[in-house]
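Listed here are the chains, written in short residue letters.
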Amino acid sequence: MINYFGKVITAMITPFNKNLEVNYQKADELAKTLVQEGSDGIVVCGTTGESPTLTIEEKLKLFETVKNAVSDTKAKVIAGTGSNSTVDTIKLTKEAEKIGVDGIMLVTPYYNKPPQEALYQHFKSVAESTELPIMIYNVPGRTGRNIEAETIIRLSKIDNIVAVKEASGNLDQVSEIRKGTSDDFKIYSGDDNLTLPILAVGGNGVVSVASHIVGLKIKKMIDEFEEGNVVVARNLHLELLPIFKGIFITTNPIPIKYILNLLGKDVGGYRLPLYEPSDKEKKFLNDLLKLL
C-alpha cells in the first residue's frame, strides 16, 4: 500500500488547444516538467484541472497520459475521481485503477451538502470499492460543506484512506486532525500560503498550484523546515507569499494558466464557465511574473 505521496504535489492544470480540446501532448510535456521542477506527485483532473468541464473519456485519457509521461520517475499520479455522486465516483475510481494510477483524490460531495455521517458513508463506500490509496479533499469554500475533524479521524482508520488535503483554512481543525490520527496518516495543505503554518502543526506537505512555477523553492521550504531550519523556511515562505496570494487574484486556475502562457508553456485557454482574466488582472499578473 502506498501511503505517502511525497511532499510537493502539483494540482496540474489541463492544457487545451485553440479549439478548447484537451491537448494531451502538452499534458505529457507539462507533467514531465513538473517532476523535473520539484513535484513528487501530480493530481490530474482536480479543481485546478477544470474537472467539472471534462468528460469521463477525457479524464481517463488524461490519467493514462500523465501516468505514462512520468512512468520512468518516482512521481505518483493521483487521479481526481470524486464527484457529488457516490455511484459515479466509484465507477470512475474503478476505471482509474485499471489504468494504473497510484492513488485517487476524492473531493467532498458538493452541492448536496451531506451531513457528517453521510460524508463518512460516502468515502467509506468508495474506499471499499478500490485498493488504491485515497486522499480526501476538504475544500468547504467550493463545496459548501466542511468535513469536520472528527469525521476525518474516523475515516483515517480505514486502511486505504491515507491522507487529507485540508483547504478549510482552519489551523485549529488541522491541529485536531493531527492530534487524532496516526503519524502514517498524511496531512497536506490545500492552500499554498498556509503550507508552512500547517507544517508547524504536523502537516506533511502541500497539494500546490504555485508549484507550476516555483516548485523547487516550495520543496526547499519544506525541506528546510523539516531539517529544523525554521528561519530559513520562514524567509522562503515570506519570499513566496506574494506569488502564493497573487495566483488567486481571481478564480483558480485562471491566473496560473495565464502565467504559464506568458512563460511560453502554451497551455491554452479556459472552458466556460471560466473565462480569461480582465485587463486589470492581466496587468497584475504581468507584474507578478517579475517576482519569479
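Up top is the structure.
Figured I'd write up the structure that's included with this text. Everything quoted here is computed from the prediction, not taken from an experiment. Numbers given to residues run from 1 along each chain, matching the order in which its sequence is written. Under the rules for a predicted model, residues below a pLDDT of 70 receive no local features and side-chain atom pairs below 80 are neither given nor counted, while totals for whole chains, interfaces and linings still include all residues. Hydrogens are left out, water is left out, and the side-chain values use all remaining heavy atoms of the structure.

Some points on the overall build of the protein chain
Okay, so step 1: Counting its regular elements, the protein chain contains 12 helices and eight strands.
Okay, so step 2: Our radius of gyration looks at C-alpha atoms and nothing else; its globule reference is 2.2 Å times the residue count to the power 0.38. On C-alpha atoms alone, the protein chain measures out to a radius of gyration of 18 Å, which is about the 19 Å that the 2.2 N^0.38 rule sets for 292 residues.
Okay, so step 3: Dimensions of the protein chain, computed from the C-alpha atoms along their principal axes, are close to 45 × 45 × 40 Å.
Okay, so step 4: Accessible area is worked out with a 1.4 Å probe on protein chains only. A residue is then buried under 20% of its type maximum, exposed over 50%, and partly exposed in between. The buried share of the protein chain, reckoned over its 292 residues, is 55%. Comment: elements are numbered from the N terminus, with helices defined as DSSP H or I runs of at least four residues and strands as E runs of at least two.

With respect to the side chain of T93
Okay, so step 1: Mapped onto the elements, T93 comes out in helix 3 (residues 86–99).
Okay, so step 2: With residues near it in sequence (within four places) discarded, T93 still touches T81, I104, L106, V126, T130 and L132. Whether two residues are in contact is decided by their heavy atoms, any of which lying within 4.5 Å being enough.

Thoughts on the pattern of salt bridges
Okay, so step 1: Salt bridge criterion: a side-chain nitrogen from Lys or Arg within 4 Å of a carboxyl oxygen from Asp or Glu. Per the stated rule, a full pass over the model turns up 16 salt bridges.
Okay, so step 2: With a shortest N-O distance of 2.9 Å, E226 and K7 are connected by a salt bridge. With E226 in helix 9 (residues 211–226) and K7 in the segment before strand 1 (8–11), the pair connects residues that are 219 residues apart, well separated along the chain.
Okay, so step 3: What makes E226 partly exposed here is its relative accessible area of 43%.
Okay, so step 4: Judged by relative accessible area, K7 falls into the partly exposed class, the value being 22%.
Okay, so step 5: For E50, the salt bridge goes to K257, with nearest N and O atoms at 2.7 Å. Highlighted residues: E50 in the loop between strand 2 (41–44) and helix 2 (56–69) and K257 in helix 11 (residues 254–262), separated in sequence by 207 residues.
Okay, so step 6: On the basis of relative accessibility, which here comes to 0%, the residue K257 falls in the buried class.

Quick look at helix 9
Okay, so step 1: Given a rise of 1.5 Å per residue, 16 residues ought to cover 22 Å, yet the end C-alpha atoms of helix 9 are separated by just 19 Å, more than 12% below that figure.
Okay, so step 2: The bend reported for a residue corresponds to the angle between axes fitted to the seven residues ending at that residue and the seven starting there. When the local axis directions of helix 9 are compared, the greatest deviation, roughly 40°, occurs at K217.
Okay, so step 3: When we look at burial in helix 9, the residues that qualify are S211, H212, I213, V214, G215, I218, M221, I222 and E224.
Okay, so step 4: Residues of helix 9 that are buried sit in contact with strand 1, helix 1 (24–36), helix 8 (195–200), strand 8 (205–208), helix 10 (230–246) and helix 11. Multiplying 1.5 Å by the residue count of a helix minus one yields the expected span of that helix.

With respect to the pairing of strand 1
Okay, so step 1: Across the two faces of strand 1 the burial is the same, with V8 and T10 and I9 and A11 all buried.
Okay, so step 2: Bridge analysis of strand 1 against strand 8 gives three bridges, and the strand direction is parallel. When the sheet's bridge partners are listed, I9 is paired in strand 8 with V207.
Okay, so step 3: Note on pairing: two strands pair once DSSP finds at least 2 bridges between them. Looking at chain direction, strand 1 and strand 2 are connected through three bridges and run parallel. Its bridge partner being in strand 2, T10 is matched across the sheet by I42.

A few points about the nonpolar core
Okay, so step 1: The biggest cluster of nonpolar side chains holds 76 residues, and the ones touching the most others in it are F63, I136, I161, I218 and I247.
Okay, so step 2: Contact partners of I247, with chain neighbours within four places excluded, come to D192, V209, A210, I213, P255, I256, I259 and L288.
Okay, so step 3: Working definition of a nonpolar core: buried Ala, Val, Leu, Ile, Met, Phe, Trp, Tyr and Cys residues. They are joined through side-chain atoms within 4.5 Å. By size, the runner-up hydrophobic cluster in this structure holds 15 residues, among which are A11, M135, A163 and Y188.

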